[in-house]
Amino acid sequence: MKQETVLLLACMKNLPDVQIMQTETIHWLKRTSESTPITFSELDVLRQVLRFHEMRYYVQHDPLISDAEYDQLFNLLLQTETVHPEWITSDSPSQRVGPGLVKDFPKVHHLVPMLSLQNSYSVDDLRDWDKRVRSLSASEDIEYCIEPKFDGASISLIYKDDLLERGATRGDGSVGDDITANIKRIKTLPLQAAFSKHQIEQIEIRGEVLMSKTVFERYNQSLTEAGLAPLANPRNAAAGTLRIKDAAEVSRRNLEAFVYHVSYVQATPGTESDNLLHTHSGNVQLLWDLGFRSPVKELKVVHGIEDVIQHVQDFEQHRDALPYEIDGMVIKVNNLQMQDQLGMTSHHPRWAIAYKFKARQATSKLLDVTYQVGRTGAVTPVAKIQPVQVGGVTVSSISIHNADYIKEKDLKLGDTILIERSGDVIPQVVKSFAELRTGDEKEIVFPTHCPECGDALYRPEEEAVWRCVNINCNAQVVERIIHFVGKDTMDIRHLGESNIRKFYELGLLHDIPGIYTLDYEAIRQMEGMGEKSVAKLQEAIEESKTRPLYRFIYALGIRYVGETTAKTLAQQIRHIDDLAGMDEAQLMAFEDIGVKVAGSIVQFFRNQDNMQMIRRLEALGIRLEQEERLPVSGELSGKTFLFTGTLSSMKRSEAEALVEAQGGKLLGSVSNKLNYLIIGEDAGSKLEKAKKIPSILIITENDFLKMLPS
Ligand code: IVH
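Residues numbered from 1 in each chain as written. Predicted model: local features only at pLDDT ≥ 70, side-chain atom pairs only at ≥ 80, totals over all residues. Heavy atoms only, no water.

Residues and numbers for helix H17 (residues 531–543), please.
Spanning 13 residues, H17 covers 18 Å between terminal C-alpha atoms, matching the ideal 18 Å at 1.5 Å per step. Where H17 is concerned, the buried positions are Val-534, Leu-537, Ala-540 and Ile-541. Seen along its axis, H17 keeps its buried residues to an arc of 125°; they face one direction. What points out from H17, more than 90 degrees from its buried face, is the exposed set Glu-531, Lys-532 and Glu-539. Check the buried side of H17 and you find it contacts helix H15 (497–505) and helix H16 (520–524). (Helix = DSSP H or I, 4+ residues; strand = E, 2+ residues; numbered from the N terminus. Expected span 1.5 Å × (residues − 1). Buried < 20%, exposed > 50% of the residue type's maximum accessible area, 1.4 Å probe, protein only. Arc of directions from axis to C-beta. Contact = heavy atoms within 4.5 Å.)

Before we move on, could you go through unusual backbone geometry and cite the residues and values that matter?
Phi at Asp-161 is positive, roughly 45°, even though this residue is not glycine. Position of Asp-161 among the secondary structure elements: in the loop between strand S4 (153–160) and strand S5 (163–169). Residue Asp-161 is classed as exposed on the basis of its relative accessible area, which comes to 53%. With a phi angle near 50°, Asp-410 is a residue other than glycine that sits in the positive phi range. Note that Asp-410 resides in the loop between helix H13 (403–408) and strand S15 (416–420).

Could you give an account of the sheet that holds strand S9 (residues 300–303), with specific residues and numbers?
In space, the 5 strands of this open sheet follow the order S2-S11-S10-S3-S9, with mixed pairing throughout. Across the chains shown, the open sheet's two edge strands, defined by having one partner strand only, are strand S2 (119–120) and S9. In this sheet, strand S11 (residues 352–356) lies alongside S2 in parallel orientation, the contact comprising 2 bridges. Note that in S11 the partner of Ser-120 across the bridge is Tyr-355. (Pairing = 2+ DSSP bridges.)

Can you explain the site of the ligand? Please cite residues and give values.
Neighbouring residues of the ligand: 14 residues in total, closest Glu-147, Phe-150, Ser-154, Glu-208 and Lys-332. Lys-149 places a side-chain nitrogen or oxygen 3.0 Å from an oxygen atom of the ligand. Contacts to the ligand include Glu-208, whose side-chain N or O atom sits 2.8 Å from an oxygen atom. Of all the secondary-structure elements, those providing two or more residues to the shell around the ligand are strand S3 (143–150), strand S8 (256–267) and strand S10 (326–333). Its residues placed into classes, the shell around the ligand shows 8 nonpolar, 2 polar and 4 charged. (Near = heavy atom within 4 Å. Polar contact = N/O pair within 3.5 Å; in protein donor to acceptor, adjacent residues only side chain to side chain. Nonpolar A, V, L, I, M, F, W, Y, C, P; charged D, E, K, R; others polar.)

Let's hear about the environment of Leu-495: which residues, and what values?
For Leu-495, the location among the structural elements is in the loop between helix H14 (474–485) and H15. Between the alpha carbons of Leu-495 and Thr-36 there is a distance of 63 Å; along the sequence they are 459 residues apart. With near-sequence residues (within four places) excluded, Leu-495 lies in contact with Val-485, Ile-500, Phe-503, Ile-515, Leu-537 and Ile-541.

Can you break down the pattern of salt bridges residue by residue, with the values?
Applying the stated criterion across every chain yields a total of 41 salt bridges. Asp-124 serves as the salt-bridge partner of Arg-127, at 3.3 Å between the closest nitrogen and oxygen. Of this pair, Arg-127 and Asp-124 both sit in helix H5 (residues 123–137), 3 residues apart, which is roughly one turn of that helix. Relative accessible area serves as the criterion here: at 31%, Arg-127 is assigned to the partly exposed category. Where Arg-615 meets Asp-577, a salt bridge forms, and the shortest distance between an N and an O atom there is 3.0 Å. Separated by 38 residues along the polypeptide, Arg-615 in helix H23 (residues 608–619) and Asp-577 in helix H20 (residues 576–580) bring together distant segments of the chain. Assessed through its relative accessible area of 31%, Asp-577 is described here as partly exposed. Residues joined by salt bridges that share partners form a network here, namely Asp-410, Lys-412, Asp-415, Arg-437 and Glu-443. (Salt bridge = Lys/Arg side-chain N within 4 Å of Asp/Glu carboxyl O.)

Run through helix H2 (residues 17–31), naming residues and quoting values.
With 15 residues, H2 extends 20 Å from end C-alpha to end C-alpha; this agrees with the ideal 21 Å at 1.5 Å per step. For H2, every residue scored as buried is listed here: Val-18, Ile-20, Met-21, Gln-22, Glu-24, Thr-25, Trp-28, Leu-29 and Arg-31.

Now, about the side chain of Lys-409: what can you tell me, with residues and values included?
Mapping Lys-409 onto the fold places it in the loop between H13 and S15. One buried charged residue, Lys-409, forms no salt bridge at all, with the nearest opposite charge on Glu-408 at 6.4 Å. Only 3.3 Å separates the side chain of Lys-409 from the backbone oxygen of Val-429, close enough to count as a polar contact. Aside from chain neighbours lying at most four places away, what touches Lys-409 is Val-429, Val-430 and Ser-432. (Lys, Arg positive; Asp, Glu negative; His and termini not counted.)

I'd like a rundown of the nonpolar core, residues and numbers included.
Membership of the largest hydrophobic core comes to 57 residues, with the highest contact counts inside it found for Phe-484, Phe-503, Ile-515, Ile-553, Leu-579, Leu-587 and Phe-605. Ile-186, Phe-216, Tyr-219 and Val-259 belong to the second-largest nonpolar core, a separate cluster that totals 36 residues. (Core = buried A, V, L, I, M, F, W, Y, C linked by side-chain atoms within 4.5 Å.)

Would you mind going over the pairing of strand S21 (residues 676–679) in detail, with residue names and values included?
Pairing geometry for strand S19 (residues 640–644) and S21, over 4 bridges, is parallel. Across the sheet, Phe-641 pairs through a bridge with Tyr-676, a residue of S21. Of the pairings in the sheet, the one linking S21 to strand S22 (residues 697–700) comprises 4 bridges and is parallel in character. Counterpart to Ile-679 in the pairing with S22 is Thr-700. In this view, the connection linking S21 to its parallel neighbour S22 by way of helix H25 (residues 685–691) has right-handed handedness. (Right-handed = clockwise from strand over helix to strand, strands pointing away.)

For the confidence of the model for the protein chain, give the residues involved together with the corresponding values.
Overall, the prediction assigns the protein chain a mean pLDDT of 88, with 94% of residues at 70 or greater. When mean pLDDT is taken per element in the protein chain, S3 scores highest with 98 and helix H1 (residues 3–13) scores lowest with 42. Low pLDDT, under 50, characterises residues 1–15; the stretch is placed with 23 contacts to residues that sit more than four places away or in other chains. This model gives residues 97–103 a pLDDT under 50, and the stretch forms 30 contacts once residues within four places in sequence are excluded. (pLDDT = per-residue confidence, 0-100.)

Quick look at the structure:
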């Protein structure tokens, strides 16, 4: 079928061509498992289907098929063109590396085109590839390097005369976006590296920018708290961050990068630097030695494909233990001369192949939506979906966050949806397939009343979340108790969620102070509650009475006060009453406490119910004051410190712990009590304020490190 025929068909059937393309896609995916030869005119339709999916992926960022399905179709094209090279057209998707540029950034040419990798999904694919490598290189003993296939955004870096000169996205493979300013904010990339020591004048390096799983989770949490939709995976977060027009924000997002390939080297005239570079593993080591994060520790050199297979299968088992996402392994011929000899197609090098792990995306059906009420009264819609396996886990329900999210993702009951579970990160809906609707789908209608207590829901202005504002709503009370006893809060083991719910239903527990007046006699009578487990429960509850003050503050469940804020607050006070007596202005003088958080704290302590609860807890023997700490004597004794801006060698919490370990005291704001202000990158108003107080010494991170004992 020719292009015109497809379009004509679309007109005749009065169907949007997206639907025609979907039908064609299903047809061609079936063809990939059949052996019927493809005719000349059929091949043209396959090319159109591939172009359509490239457009959806690269231009619209809204793919309709998985990467693996795209690869199946692409391989079918390659196979057919290999059998019939005379059918290759210059505009065939096999002849280029794909679109993907974004407006707004200057365009730059890569010194060497950034190619893709050939993908493989089975060990047989790897064996076939190895056979080809051996025949093309006329060698039986091939040394292979195996390294992770980092799942982020690829970048190309140019260092000239030892300085990072340019950083760019992959773009269409030949031309990318110049994102140098953002690249410079990635701490694992040196701005200067001693290439000249190796007689290298100019070098082009490839790598991958990643957002670690923990940073991603925290980032998604901050999006959700701000009432925004979370992102589906760390890859999107990394790629999106690289395109932000505010480099300071890029710093805050804490991206990381691995470099794994040298694409071009220019030796200092009169020298022969490339003599140094014989192997891929040597390049990776050289980059590491020069201060880059390259996969030195993650790289394995083996002989022969069977050892490759063994290693990739072993590694897949450890995938979840890594702090970042990988979507497979890359196998590369180690010898660079042999790489040259093998060369490349217009799409990928012949000396490398990617072995893709099991996909973590799956399609399912949205069957129903239920609504959960959280401890702050937020009503969260949860989609019940047709159970589906994603990355080894069965997913049957998935949060769809809030009413705006439902609108943004265009979700309807009965929709086919694409879901993704990135590593240990909570599954997310990637998209719905509006194209596959039959007309029977139903709107998701958000409730107007609390599903638990029936009170009318309320949506504060500028928030995406509907809330139940009845603080006595059963669901909220139970959730608040669950939060109070959690691992990161008062850590009361043996009082898990199910026990709390049971006790609450039986009337044995009504509120947080009730934890400390439980009727153990009654609990002993309950099924499954032996003497021993009751004793353990009693012990755990008793033990929780002397938790550090920050845990108690966090356990109170004040809106916007997470663990970090609780720690900041606890550092500034002796007793919880000190905090209860502060106003917004006093709170906002502390590090990272803005108007929203300060307002929420003041509101919490103004509420008489909350104060009564605190007094009851105090009467029950819960410690509400700072543990008496013996003053540590050390290099920093008697001095006061405050950090501002982003530190480059460690996290702020780590630097603060160093101050305390050396007997120094941390302050929350700039005042004339402050001795040292340590400034990191993008230091802001605190620096300006400190400049006005002559007694404050403003020092850099390096100066600070020098103050510590070695
Ligand atoms: S080598 C000329 N090594 O995967 C070959 N690529 O799907 C250069 N990728 O565009 C690529 N980890 O962005 C190579 N260890 C690794 C990789 C890797 C991730 C990315 C890279 C490439 C894409 C192809």
